[in-house]
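Listed here are the chains, written in short residue letters.
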Amino acid sequence: MSIPCISTTSDTRNETCWFDSKVTMSAKENKVHAFVRVKPTANFPEDMIKYGPDNKSIDIYIRRDIRKGVVNNKQTDWSFKLDGVLHNASQDSVYDAVARDLVSQALNGYNGTIMCYGQTGAGKTYTMTGATESYKHRGIIPRAIQQVYRAVEERIDQSITVRMSYLEIYNETLFDLLSTVPHDMSGDTHMAVVEYPQGVFVKGLSMHPASHEEDALNLLFEAR
Ligand SMILES: Nc1ncnc2c1ncn2[C@@H]1O[C@H](COP(=O)(O)OP(=O)(O)O)[C@@H](O)[C@H]1O
Ligand SMILES: [Mg+2]
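No experiment lies behind these values; they were computed from the predicted model shown.

**Q** Help me understand the UniProt feature "binding site: ATP" (unreviewed entry) in the chain in this model?
**A** As annotated by UniProt and renumbered to match this structure, "binding site: ATP" (unreviewed entry) occupies G118, Q119, T120, G121, A122, G123, K124 and T125. Under the C-beta neighbour-count criterion, T120 is labelled exposed, with 8 such atoms within 10 Å. Tracing the backbone shows A122 in the loop between β8 (112-117) and α3 (124-128).

Structure, rendered in structure tokens:
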């Protein structure tokens, strides 16, 4: 059983999707939301996982390993408060619960981050990128891209330019996944995270104009 969490806690294995804007959110809206998405399994371990009322908490119980002569004081119970448990949830309903409001806030000028963490195989890539061969199973990033372009189309009174960057941080090293410059083995050392009063950005990261949803999706799926 494995659980990918969608939240803002940092981990070495994580997948993050930023929406950049200039304005900062008010303290009230700035609250971090945390969700647990449980990966579907043939037999759900009902004796080990219990969801609280309204699916706003999760209790986990691990059976104690009782080998003869060994004192085992390992923790066996955990309880977490959450904004929601996504159990047997479709990609569509995960997007509604986790991303739709955040993306629309980003379009109104608020910064937003969606981050996903969990052990290998827990479903982070499935949640964030999704299955590329099936439209129904596409993940948060392609859905967010679609929402952005739909909103741009609706705002006929404004002139909006969309640019896309795709950054990987692996073992503390920054990799520009859309770089047109060939990689050398030392990584993209010309890049640096810089803080300006206007916000944080990655100096040297390539930005690619994407006027249509299709351009952005091509960049996403051709990235390496
Ligand atoms: N909610 C889900 N429903 C169906 N299949 C899933 C789900 N989550 C993960 N999988 C499948 O489990 C496997 C591992 O998921 P993956 O997203 O690659 O894990 P991670 O990126 O966390 O290592 C993949 O084959 C993926 O398609
Ligand atoms: Mg993955």
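**Q** Is there a simple way to explain helix α2 (residues 100-107) in this structure?
**A** Given 3.6 residues per helical turn, the α-helix brings residues three or four places apart onto the same face. Among all positions of α2, only L102, V103 and A106 are buried. Along the long axis of α2, the arc covered by the buried residues comes to 100°, so they all point the same way. Looking one or two residues beyond α2, the residue adopting positive phi is G109, at roughly 105°.

**Q** Sorry, what's going on with the sheet that holds strand β5 (residues 57-61) here?
**A** The strands making up a sheet associate through backbone hydrogen bonding, with each pair oriented either parallel or antiparallel. Pairing in this open sheet of three strands is antiparallel, and the strands run β4-β5-β6 from one edge to the other. Each end of this open sheet is capped by a strand with a single partner; those strands are β4 (49-51) and β6 (77-81). Taken pair by pair, the neighbouring strands of this sheet meet at an average axis angle of 15°, ignoring direction. Summarising the sheet, β5 and β6 pair through five bridges and their orientation is antiparallel. Paired with I58 across the bridge in β6 is F80.

**Q** Explain the pairing of strand β11 (residues 173-176) to me, please; I cannot follow it from the model alone.
**A** Side-chain direction in a regular strand flips from residue to residue, so the side chains alternate between the two faces of the sheet. Of the pairings in the sheet, the one linking strand β10 (residues 167-170) to β11 comprises four bridges and is antiparallel in character. Considered in β11, the bridge of E168 is made with F175. A loop of two residues connects β10 with β11, the two strands running antiparallel in sequence, and N171 in this loop sits at a positive phi of about 50°.

**Q** Honestly, the environment of K39 in this entry has me stumped. Any pointers?
**A** Along the chain, K39 turns up in the loop between β3 (35-38) and β4. On the neighbour-count criterion, K39 (16 C-beta atoms within 10 Å) is partly exposed. Distance in space between the C-alpha atoms of K39 and G121 is 9.4 Å, their sequence separation being 82 residues.

**Q** How do you make sense of unusual backbone geometry when you look at a structure like this?
**A** Outside of glycine, negative phi angles account for most residues, and trans bonds account for most peptide bonds. Phi angles above zero are rare outside glycine, and D54 is one such case at about 60°. The residue D54 is located in the loop between β4 and β5 in this model. One non-glycine residue, N171, lies in positive phi territory at about 50°. The class of N171 is exposed, set by 7 C-beta atoms lying within 10 Å.

**Q** Explanation requested: helix α1 (residues 91-98) in the structure shown.
**A** Those residues of α1 not exposed but buried are Q91, V94, Y95 and V98. Projected down its long axis, α1 shows its buried positions confined to an angular sector of 100°, all on one face. Facing away from the buried side of α1 by more than 90 degrees, the exposed set consists of D92 and S93.

**Q** What should I look at first to understand the packing of α2 against helix α4 (residues 140-154) in this one?
**A** Think of two packed helices as two axes; the pair is described by the angle between the axes and how far apart they sit. α4 packs onto α2 with a crossing angle of 40° between their chain directions and a minimal axis gap of 10 Å. When the axes of α2 and α4 are compared, the pair comes out oblique. Relative to α4, the crossing made by α2 is right-handed. Residues R100, V103 and L107 of α2 form the contact with α4, whose participating residues are A144, Q147, V148 and A151. Here the contact of α2 with α4 is built from residues that sort into five nonpolar, one polar and one charged.

Calculation notes
Residues numbered from 1 in each chain as written. Chains lettered and ligands numbered in written order. Predicted model: local features only at pLDDT ≥ 70, side-chain atom pairs only at ≥ 80, totals over all residues. UniProt positions renumbered as here; feature names shortened; annotations may be inferred. Buried ≥ 20, exposed ≤ 12 C-beta atoms within 10 Å, placed from the backbone. Helix = DSSP H or I, 4+ residues; strand = E, 2+ residues; numbered from the N terminus. Arc of directions from axis to C-beta. Pairing = 2+ DSSP bridges. Axes fitted to C-alpha atoms, helices over the stretch in contact; angles between N-to-C directions. Parallel < 35°, antiparallel > 145°, perpendicular 65-115°, else oblique. Left-handed = near helix turned anticlockwise from the far one by under 90°. Contact = placed C-beta atoms within 7 Å. Nonpolar A, V, L, I, M, F, W, Y, C, P; charged D, E, K, R; others polar.

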